[in-house]
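Each chain is listed here by its residues.
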Amino acid sequence: MDLKSILKHVAIGQMLPPQLKDNGAFSGNMYFDSAGCAGVLVLLTIGVTDAAMGSTSDSTPPYLEECDTTNGTFTKITGSDLAAVVSATDDNKTIGWFVDRTKTRKRYLRINAPTAGDGSTGVNAAAIAIGFPENEIPITAAAMGLKELVQV
């Protein structure tokens, strides 16, 4: 499959709408429906920031969670933790997770409770998911232009 064909078959969804948050949970954190995808790339983009960002608090590295239903109980995807929290100096960075859907994975994915620490300004952030058709998935952080890529 060539690149043009791949792009016609990707599924794209907003997971965290672009926003500035200082000292608290981001609003509008949504799940991505990965039905029909062989792999999903979740991209967390950070704009200008002067505070840390994590899951549930600014001291826990962000991670992904999954669920079989839209309103069920989401559970942590083992091994999806970032190496560290998004730091107050990670201005204009993009971080990614690659979820291999050929492994046993649940249908709905989301970032666990993205939360900004306390700064003068806060954290500018947004997240999208891109679902890829089978056998046509880029798999390295460098190939994707990312600071970090967690594969689960």
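Preceding block: the structure.
Q: Can you walk me through the sheet that holds strand E7 (residues 75–76) in this structure?
A: Pairing within the open sheet is antiparallel, and its four strands lie in the order E3-E9-E6-E7. At either margin of the open sheet sits one strand with a lone partner, and together these are strand E3 (32–33) and E7. Taken together, the four bridges between strand E6 (residues 64–67) and strand E9 (residues 108–111) define a ladder with antiparallel strand orientation. Bridging across to E9, glutamate 65 finds its partner in arginine 110.

Q: Any chance you could explain the side chain of serine 55 here in plain terms?
A: With respect to the element layout, serine 55 can be found in strand E5 (residues 53–55). A polar contact of 3.1 Å, which involves the side chain of serine 55, links it to the backbone nitrogen of tyrosine 63. Polar side-chain contacts of serine 55 include one of 2.7 Å to the backbone oxygen of asparagine 112.

Q: What exactly am I supposed to notice about the nonpolar core here?
A: Across soluble globular proteins, you tend to see nonpolar side chains buried next to one another. Counting 27 residues, the largest nonpolar core has Val40, Val42, Leu44, Met53, Trp97, Val123 and Ala125 as its most contacted members. Broken down by secondary-structure element, the contributors of at least two residues to this core are strand E1 (11–21), strand E4 (39–49), strand E8 (93–100), E9 and strand E11 (123–132). Those residues within four positions of leucine 44 in sequence are excluded, and the remaining contacts are Met53, Val86, Lys93, Thr94, Ile95, Trp97, Ile111, Ala125, Ala126 and Ala127. The next biggest cluster of nonpolar side chains, apart from the first, holds eight residues, and it includes Phe98, Ile130, Leu146 and Leu149.

Q: Whenever I open this one, unusual backbone geometry confuses me. Can you help?
A: The phi angle of most residues is negative, glycine excepted, and most peptide bonds adopt the trans form. The phi dihedral of asparagine 23 is positive, around 60 degrees, even though this residue is not glycine. Position of asparagine 23 among the secondary structure elements: in the loop between E1 and strand E2 (24–25). A positive phi is found at alanine 113, a non-glycine position, where the angle reads about 25 degrees. One can find alanine 113 in the loop between E9 and strand E10 (114–116). In this structure alanine 113 comes out as partly exposed when scored by relative accessible area, which is 34%.

Q: Just checking my understanding: could you explain the environment of serine 59 for this structure?
A: Residue placement: serine 59 occurs in the loop between E5 and E6. Expressed as a C-alpha distance, the spacing of serine 59 and glycine 117, which sit 58 residues apart in the sequence, is 8.3 Å. For serine 59, the side chain forms a polar contact with the side chain of serine 57, separated by 3.0 Å.

Calculation rules
Residues numbered from 1 in each chain as written. Predicted model: local features only at pLDDT ≥ 70, side-chain atom pairs only at ≥ 80, totals over all residues. Heavy atoms only, no water. Pairing = 2+ DSSP bridges. Helix = DSSP H or I, 4+ residues; strand = E, 2+ residues; numbered from the N terminus. Polar contact = N/O pair within 3.5 Å; in protein donor to acceptor, adjacent residues only side chain to side chain. Core = buried A, V, L, I, M, F, W, Y, C linked by side-chain atoms within 4.5 Å. Buried < 20%, exposed > 50% of the residue type's maximum accessible area, 1.4 Å probe, protein only. Contact = heavy atoms within 4.5 Å.

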